[in-house]
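Each chain, written out:
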Amino acid sequence: MMRRSSQRYVCWRCLLPRRTPTSATAAFSTSVATPRRRPELLRTLARHDRSQLRSVSTESPASRTVADPAADLTSDWAHQPRTLRTSSQKSHIREQLGIWEGQNPGRTAAIPTDQPPVGTVSNTYTKSRGEWGFSLDMLAQDDDATRPHFDGVDIVDLGQSGSVLQAGDLVEVSSSSWKIRLLAICLGNFNGHFHFYTNTGKWFTSRTIRTGFVVKRFVEDPAELRAVVDAIPSLSPSSTELNELQDLNIGPSRDLAASLIRKMHTFQAASRLIHQTYVERLSRAQTQFGKKERMLSLREIADALLPASLKRNKGTFPPEALYAVYSVVEAEDVAFTALDRGARHHESYMFALHSAEVQGNVTHVEKLVRDYYELSSGRNKTGKRHSASSATLAGFLEQARDLIDQVRKTRDWSPHGMIGPSNKPSSGTAVTLNVPAWSETSLAVIKFIEHWAAAGGFRSGSRCHWIGASILRALQRYDDAILDSTTGWTFLQEIGWIPPWDVSARHALRLPEQQLNRHPALVPSRTSEAAAAELGPDQLADLRQDFARSTAYCIDSADTLDVDDGISLEPAENGEYWIHIHVADPASRIAPNSELAKQGALRAQTNYLAGFYQRMLDRDDVRDTFSLGPNQPTLTFSARVDETGRLLDSKVTPGILRDVVYITPEDVSSVVGDAAPSVVPSDVLEVGTPPEQDGHPVRKMTTPDGLSRAQRNELMTLSKLATAIQRVRLENGATPVYPPKPKASVSLDSVAPGVTNGDSAFYFGDPYIRIAYAGQGSPLVSSLMQLAGEVGARWCYERDIPIPYRVQLLAGENAEALRAFNRDIFYPQLAAGKNPPPEDWHTLRSLVGGYDVSTTPAPNLSMGLDLYTKVTSPLRRYPDLLVHWQIEAALLEERRRGKSLVVRKFTGNNEAAAAAAATTASAPKKEPRKFLPFSKQDLEDTVLPRLRIRERHGKLLDNVDGNSQWILQALVRAWRFGEASSSSTSSPLPQTFRFAASDVVAGRMVKGRIDWFDQPATVELEDMNGVERIANVRPGDVFEVELSDVNVHANQIRVRLLKKV
């Protein structure tokens, strides 16, 4: 599948019938030509010496002559009848391989790694596989997705680890490249490592388990686990020690774990019985949901495939039935893709169903490629030398080769997951490209490669990778490349299907039904039904309070388009104040079931990926109608506080603003003096031509000199109160500071569009990219925006209104240990400006259990809050808009009834109150809430499973994968192509780096980070460079390294050791 394209391989089935058989081989050749008549011969060959019957010469067999002794030797060997070799006979395989190497000079083809990171293609052909050699799917790197992110206001969790697993839970663990799936029982979490025991009698550990299926409390009696846990050879927190023990297959014996193995076997047998009973239903999984792409939960798939008679109490399928459905869906190579792997309840397992068009195109292109190679080798089922499919694919190959050759005159190809920068400036003389009009067959092939290389439509162990590799080989333009999806990505760039600077994360993280514009600079997005949707009347017009006596301060950057929030101050008696957080109110005029609302739910949030900005609600009239300003409606979250920061009272009020001041966070900090000493590194890297500064803001901004004395005093008071409120949160365990992260900013001002044929487009020039560290923003803004979320969560809790609370899953039960760890180990490192090592991040995650959205309230100790939800950005985040709909429906119901809906009171900032909240929320409610747009069941079954996926993918695109790929593009342009910005603020790229090891993976790879924007990097075995044996590397070791390879498409940096520091 992944051999280099410079070598042609001919199968022995194709080779032998093309020779003129000798008398000694005539019978054998006939048998091979008609294999169905002699099945016993094929079985014998397959069982014994099939591997020796391959001809791998690049020379046409018909062109060989007897004068060539090597050819004669291999010819005689290939045509001799094969008999079993006895132990006394000598094998000539080494001589035969030596002859082949002499006939095929050149570099040895690289073989994909046996155990690659998840999502990359592995060696599934020469690696022996078995359950004892089973290796878990690894996360791609010890990457930023495993760490919580602070976006200036909220903590965002992007991980997929099984942090909510508990002892006794049953999980499925898999190796996607090996297509092996095992069942395992969680033995517990010890020192940050989960310990498991599989149904094959193997003990293993993992800090970030990836699983697609979980049965909670599978083993309910802890006594059943005790003997196995006691026999674990080590509960050390050291990954190195645990990995070494697992490599030695040391662990609890099968005898000790016999009862656990029997339970797993019984479960598996019951699931297989259901599969066998309903095999006809299950085999139609891909045809039961229509022709369009969809996002489906495991529950929805089971409802369509299994009879309702299998359901048990509460109308749910038993775990055995769900596992049967899950196994079928996971085995689908083309139709389904798993979207989330964690340790949540099965209702949250989400899958993407690819459209019938995509599925059919895979089958169509596979046939085209098979026919092309059969016909080009002179052998096909019909015996014809040419066919229509061969001709059309050959036509595409000819067009693509010609276009690639033209493009390489202006942009060099590179093996780094991106093509090179333009060597023709945008202002220079244009190079005319002859861009072909793609035929229907050409478009089918291109769309297949897009699905394979850009969207990542196939698992790493999928059979379909050969199709893309075979197309690239047939192009004959990638002779020195590994024919994988990275090369496929650069092919799409070379033919103009995507821009040369496109970010593959945009494609890989796109979810079903979400539109993706391949060329946003040239081709406008398709008009959606939401564009024609009418805004309804203001539902809260009669309830709005006029805030004419207050000045609202909207603190945002000068180029912010959607102004979501503002703050104002109202003095009360006894040294107390009302702080009003005014939030834009689109929910009052956008119905929850409208086309605009559906667009918001589909996108989940505004995407801020540099160069590819996309608003959640992209209509200008929505922005103009609801962005905060004079005479604009608001939903106002108000908190009464004293000077010590205690929250005394709260309320939510529809309002309308009159006096609005727009001011930047930097100007506010200069007025109130809350800018802390900077701990943000000053490192900067720039490539490309910096854009000209635009001195025209999108609205009138107020400078510090333009503020009145009263306004300056109000901002000073707001700052003091925000600081006091944050101090209270810190006392409750809030994280004091977050390490700065590198951020890419991009300008396309230097890019000029070139020729296009409507499908492919080409450009001159390249983006300007600036990499620098970003701080945490204004302390005043972040503190008060969190206050609004706290007020909204309390308001809904007291009225028993289901909303998506932001919770930490295990923080409540681990509160004491978490506070001690944060106080003694974690927070001191943050306060000192250090980024804690991976071990400490994993310990933190094991204690907090990850972050989630839930209808059941629970504490968020990392924010120092007992209850929290997001409410301050309804123009940019769908969850905030959803909370507004719930609150406004309750406000209207209170007006209709003429009384409050409060059914309980939140008693104060303590854990007991939070525990009471969770207990009460889980109890059955007597009074229905039919006036709400979303019931608790609606949220739990339908809304939140999709919201988790969409929110996570959006944040990964903005904060992790997309941002990282811009950083790596700048790195490749500076390192491989020698680009440097003319800006005086840009630092030159260093020749060497410091690499700090964080983990050694199974003796084949060292993971860590380099001291260049804290980027994750790996050291492969071949890059150890004799500096150190990989077995001797320990976490914390530091080496001087140089870059070995950078792959933008795969988000990977590889380094080569130079010396140990």
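Taking an unreviewed UniProt entry as the reference, the chain is identified by name as RNB domain-containing protein belonging to Corynascus novoguineensis.

The next subject is the overall build of the chain. A tally of regular secondary structure across the chain gives 27 helices and 29 strands. Out of the 1061 residues in the chain, the part that is buried amounts to 56%. Taking the contacts inside the chain whose residues are at least 6 apart along the sequence as the reference set, 73% of them involve residues at least 24 apart. As displayed, the chain has an accessible area near 46200 Å², and 50% of this comes from carbon and sulfur atoms.

Most of helix α15 (residues 465-475) sits out of view: eleven of its eleven residues are buried. When α15 is considered as a whole, its buried residues turn out to be H465, W466, I467, G468, A469, S470, I471, L472, R473, A474 and L475.

On to helix α14 (residues 440-454). An ideal rise of 1.5 Å per residue puts 21 Å on 15 residues; α14 measures up with 20 Å between its terminal C-alpha atoms. Burial of α14 is extensive: 13 of the 15 residues sit out of reach of the surface. Backbone geometry just downstream of α14 places G456 in the positive-phi region, at approximately 60 degrees.

Read across the open sheet, the three strands follow the order β18-β22-β19; overall the sheet is antiparallel. Lying at the two open borders of the sheet, with one neighbouring strand each, are β18 (684-687) and β19 (741-747). Strand-to-strand twist of the sheet, defined as the mean angle between neighbouring strand axes without regard to direction, takes the value 20 degrees. In this sheet, strand β22 (residues 768-774) lies alongside β19 in antiparallel orientation, the contact comprising seven bridges. For K743, the partnering residue across the bridge sits in β22 and is A772.

L187, F196, F213, I301, V325 and F336 are the most contacted members of the largest nonpolar core, which totals 57 residues. Among the elements that take part in this core, helix α11 (residues 319-331) stands out by supplying eight residues, more than any other. Beyond its immediate stretch of four places on either side in the chain, F196 contacts L165, V171, A184, I185, C186, L187, K202, W203, F204 and I209. Ranked by size, the runner-up nonpolar core spans 52 residues in total, among them V641, V671, V791 and I887.

So, on to the packing of helix α12 (residues 356-376) against α14. Running from amino to carboxyl end, α12 crosses α14 at an angle of 110 degrees, the nearest separation of the two axes being 9 Å. Here α12 lies roughly perpendicular to α14, going by the angle between them. As for how α12 packs across α14, the hand of that crossing is left-handed. Every residue of α14 that contacts α12 at E357, V358, N361, V362, H364, V365 and L368 is listed here: T441, A444, V445, K447, F448 and H451. Here the residues of the contact of α12 with α14 are counted per class, giving seven nonpolar, four polar and two charged.

Turning our attention to the pairing of strand β27 (residues 1016-1020). Of all five residues that make up β27, five are buried, and the element is covered over most of its length. Residue alternation in β27 divides its side chains into two sets, P1016, T1018 and E1020 and A1017 and V1019, and both sets are buried. Pairing analysis gives five bridges linking strand β26 (residues 1005-1010) to β27, with the strands arranged antiparallel. Paired with G1008 across the bridge in β27 is A1017. Connecting β26 to the next strand, β27, in antiparallel fashion are five residues, including F1013 with a positive phi near 55 degrees.

A few words now on the sheet that holds strand β9 (residues 336-338). Strand order in the open sheet formed by three strands is β8-β10-β9, with antiparallel pairing between adjacent strands. Where the open sheet ends on each side, the last strands, each with one partner, are β8 (294-297) and β9. Pairs of neighbouring strands in the sheet enclose a mean axial angle of 30 degrees, with direction left out of account. For β8 and strand β10 (residues 350-353), the ladder comprises four bridges, and the chain directions are antiparallel. By the bridge assignment for β10, L296 is matched with F351. Its contacts with the sheet place helix α27 (residues 936-975) against β8 and β10, and it is angled at close to 125 degrees to β8.

Two measures describe an aromatic ring pair: the distance that separates the ring centres and the angle between the ring planes. Enumeration according to the criterion identifies 24 aromatic pairs in this entry. Each ring, one from W885 and one from F934, has its centre 6.3 Å from the other, and the planes form 40 degrees; the classification is tilted. Taken together, the residues span a long stretch of sequence, with W885 in helix α25 (residues 878-897) and F934 in the loop between α26 (911-922) and α27 at a distance of 49 residues. Neither residue differs from the other here; W885 and F934 are each classed as buried. Here the aromatic residues F213, F218, F267, Y323, Y326 and F351 are joined through ring pairs into a cluster of three or more. Sitting over the face of the ring of Y478, R408 holds its NZ or CZ atom 5.3 Å from the ring centroid. Stacked on the ring of W578, the Lys or Arg K651 has its end atom at 4.5 Å from the ring centre.

Let us now look at the pattern of salt bridges. For the structure shown, the criterion picks out 54 salt bridges. With a shortest N-O distance of 2.8 Å, R897 and E893 are connected by a salt bridge. Pair noted here: R897 and E893 are both in helix α25, with a separation of four residues, about one helical turn. Overlapping salt bridges, with partners in common, bring together D562, R615, D620, R623 and D624 in one network.

Counting through the fold element by element, D169 comes out in the loop between β2 (155-156) and β3 (170-175). A relative accessible area of 1% means that D169 is categorised as buried. Among the polar contacts listed, one links the side chain of D169 to the backbone nitrogen of Q166, at a separation of 2.9 Å.

To continue, consider unusual backbone geometry. Phi at R217 is positive, roughly 55 degrees, even though this residue is not glycine. When you line up the elements, R217 lands in the loop between β7 (214-215) and α6 (223-230). Here the phi dihedral of N249 falls at roughly 55 degrees; this positive angle occurs in a residue that is not glycine. A residue is classified by how much of its surface remains accessible, and N249, at 45% relative accessible area, is partly exposed.

Residues L561, Y608, Y613 and V698 make up a contiguous nonpolar surface patch of roughly 360 Å² in combined accessible area. Relative to the elements of secondary structure, L561 occurs in the loop between β12 (551-555) and β13 (565-571). Looking at L561, the relative accessible area reads 34%, which means it is partly exposed.

Locating R284 in the fold gives a position in the loop between α9 (279-282) and β8. Residues R284 and L305, 21 residues apart in the sequence, show an inter-C-alpha distance of 8.0 Å.

The packing of two helices is summarised by the inter-axis angle and the distance between the axes. At a closest axis distance of 8 Å, the pairing of α14 and helix α16 (residues 485-494) adopts a crossing angle of 130 degrees. It follows from the interaxial angle that α14 and α16 lie oblique. The hand of the α14/α16 crossing is left-handed. Together, I446, I449, E450, W452, A453 and A454 of α14 and S485, G488, W489, F491 and L492 of α16 make up the contact between the two elements. Residue composition of the contact of α14 with α16, by class: eight nonpolar, two polar and one charged.

Conventions adopted
- Residues numbered from 1 in each chain as written.
- Predicted model: local features only at pLDDT ≥ 70, side-chain atom pairs only at ≥ 80, totals over all residues.
- Heavy atoms only, no water.
- Helix = DSSP H or I, 4+ residues; strand = E, 2+ residues; numbered from the N terminus.
- Buried < 20%, exposed > 50% of the residue type's maximum accessible area, 1.4 Å probe, protein only.
- Contact = heavy atoms within 4.5 Å.
- Areas by Shrake-Rupley, 256 points an atom, 1.4 Å probe, with all protein chains shown as cover.
- Expected span 1.5 Å × (residues − 1).
- Pairing = 2+ DSSP bridges.
- Axes fitted to C-alpha atoms, helices over the stretch in contact; angles between N-to-C directions.
- Core = buried A, V, L, I, M, F, W, Y, C linked by side-chain atoms within 4.5 Å.
- Parallel < 35°, antiparallel > 145°, perpendicular 65-115°, else oblique.
- Left-handed = near helix turned anticlockwise from the far one by under 90°.
- Nonpolar A, V, L, I, M, F, W, Y, C, P; charged D, E, K, R; others polar.
- Phe/Tyr/Trp six-rings, centres within 6.5 Å; stacked < 30°, edge-to-face > 60°.
- Lys NZ or Arg CZ within 6 Å of the ring centre and 35° of its normal.
- Salt bridge = Lys/Arg side-chain N within 4 Å of Asp/Glu carboxyl O.
- Polar contact = N/O pair within 3.5 Å; in protein donor to acceptor, adjacent residues only side chain to side chain.
- Patch = residues over 30% accessible without salt bridge, like charges linked within 9 Å, V, L, I, M, F, W, Y side chains within 5 Å.

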